[in-house]
Amino acid sequence: METNPAIRVERLRRRYGDHEAVAGISFEVAAGELFALLGTNGAGKTTTLETLEGHRPVHDGTVRVLGRDPYAERRAVRPQIGIMLQDGGFFGDLTVAETVAHWRGFTPRPRDLGEALALVALEERADVRVRQLSGGQKRRLDLALALLGRPRVLFLDEPTTGMDPEARHATWRIVRDVVEDGTTVLLTTHYLEEAEHLADRLAIMHRGRIERSGTVAEVVAGHGDRIGFRMPERLRVADLPALGGAAADVAVEGGRTAVTYTVAGTGLQAGLYELLRWADERRVRLDGLHARSASLEDVFLRTAEGAAR
Ligand SMILES: Nc1ncnc2c1ncn2[C@@H]1O[C@H](COP(=O)(O)OP(=O)(O)OP(=O)(O)O)[C@@H](O)[C@H]1O
């Protein structure tokens, strides 16, 4: 088993002129792990990815891919990594099979054509011209090319942008298979659901910094689990309890008064228990009662808002 991280980023900084696009970020990705970089527009995800792919030198800090500097040792690193770009820039007149054959020519020890197409479920489209593929099929062809050289580390920059939900789910299955085969994957995405489905760990970037990182459970823990119900008619706001120290938030929605608690400290279960005991003792019925854990989306939005203040 490998103990060295497949990817190591330490205090990475990258500037464009006076603008610091990446402002000293650090993270590691273990071998065989899928790590997702999330962030607002312009957060610095693509810049980080391009630095790890060896396209740009660091301005400060250290990056290592499979133990090497991907820029200075590009010739050693490049054959071991796969890169799926946001736009692969194909020749529209070539067929899918011709495109793969063309790329096989540049790839050391490439997969067979059939294997490459089967990986991304494009066998049936082998003789179709690239320009006749749907957007989702083009993205899958991009993925096939990134996987052609059996990379140990795969970089996916927004791999499912423009796909319908079915194509997106199909692509997630492919990516999961790749990870199960032992490939390390670094992914950027704007789809939080994608990170929730795929990522072992993730980082949320905002304005060049990592604001939060960890597993999905770690990132959302303690960040706004919610409990809500409709205000019972015979009660007033002053009658409502505090749950785990959190006061009720009361809002009128469509003629009804909605009560919401955002419980951070004690967690959902303890908050719910406190509420139900309170309601039981007072013989209060809580219509529309619901409780849900914080979602990655809640945390993402709060991170962006909080950091912007
Ligand atoms: N070649 C460049 N020259 C000047 N500024 C750049 C260049 N590339 C990126 N930037 C700026 O650096 C910042 C980070 O950009 P980057 O593309 O890394 O962010 P991102 O998180 O990938 O954004 P998005 O989600 O919008 O793709 C942005 O403010 C962007 O405008």
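These figures come from a predicted structure and were not determined experimentally.

**Q** So what exactly am I meant to see when it comes to the overall build of the protein chain here?
**A** A tally of regular secondary structure across the protein chain gives ten helices and 13 strands. The burial tally for the protein chain puts 35% of its 309 residues in the buried class. For the protein chain, the share of sequence-separated contacts (at least 6 apart) that also reach a separation of at least 24 residues comes to 69%.

**Q** Explanation requested: the domain arrangement of the protein chain in the structure shown.
**A** Put simply, an interface is often sized by how much accessible area is lost when its parts join up. As assigned here, the protein chain comprises domain 1 (7–220) and domain 2 (225–293). Spacing between the C-alpha centres of domain 1 and domain 2 amounts to 44 Å.

**Q** What should I look at first to understand the site of the ligand in this one?
**A** Neighbouring residues of the ligand: Tyr16, His19, Ala21, Gly39, Asn41, Gly42, Ala43, Gly44, Lys45, Thr46 and Thr47. Residue assignment for the shell around the ligand shows that the elements contributing at least two residues are strand E2 (19–29) and helix H1 (45–52). The element that contributes the greatest number of residues to the shell around the ligand is H1, accounting for three residues. When the residues that make up the shell around the ligand are grouped by side-chain class, the tally is three nonpolar, seven polar and one charged.

**Q** When you look at the nonpolar core in this model, what are you seeing that I'm missing?
**A** Generally speaking, a soluble globular protein has its nonpolar side chains buried in company with each other. Among the nonpolar cores identified, the biggest contains 63 residues, and Ala36, Leu38, Ala144, Phe155 and Leu186 are the most heavily contacted of them. Of the residues forming this core, the biggest block, six residues, is contributed by helix H5 (residues 135–147). Sequence-distant contacts of Ala144, that is, excluding residues within four places in its chain, are made with Val100, Ala116, Leu117, Leu119, Val120 and Leu122. Listed in part, the nine residues of the second largest apolar core include Ile227, Met231, Val259 and Tyr261.

Reading the values: rules and limits
- Residues numbered from 1 in each chain as written.
- Predicted model: local features only at pLDDT ≥ 70, side-chain atom pairs only at ≥ 80, totals over all residues.
- Helix = DSSP H or I, 4+ residues; strand = E, 2+ residues; numbered from the N terminus.
- Buried ≥ 20, exposed ≤ 12 C-beta atoms within 10 Å, placed from the backbone.
- Contact = placed C-beta atoms within 7 Å.
- Domains from an automatic or database assignment.
- Near = placed C-beta within 6 Å.
- Nonpolar A, V, L, I, M, F, W, Y, C, P; charged D, E, K, R; others polar.
- Core = buried A, V, L, I, M, F, W, Y, C linked by C-beta atoms within 7 Å.

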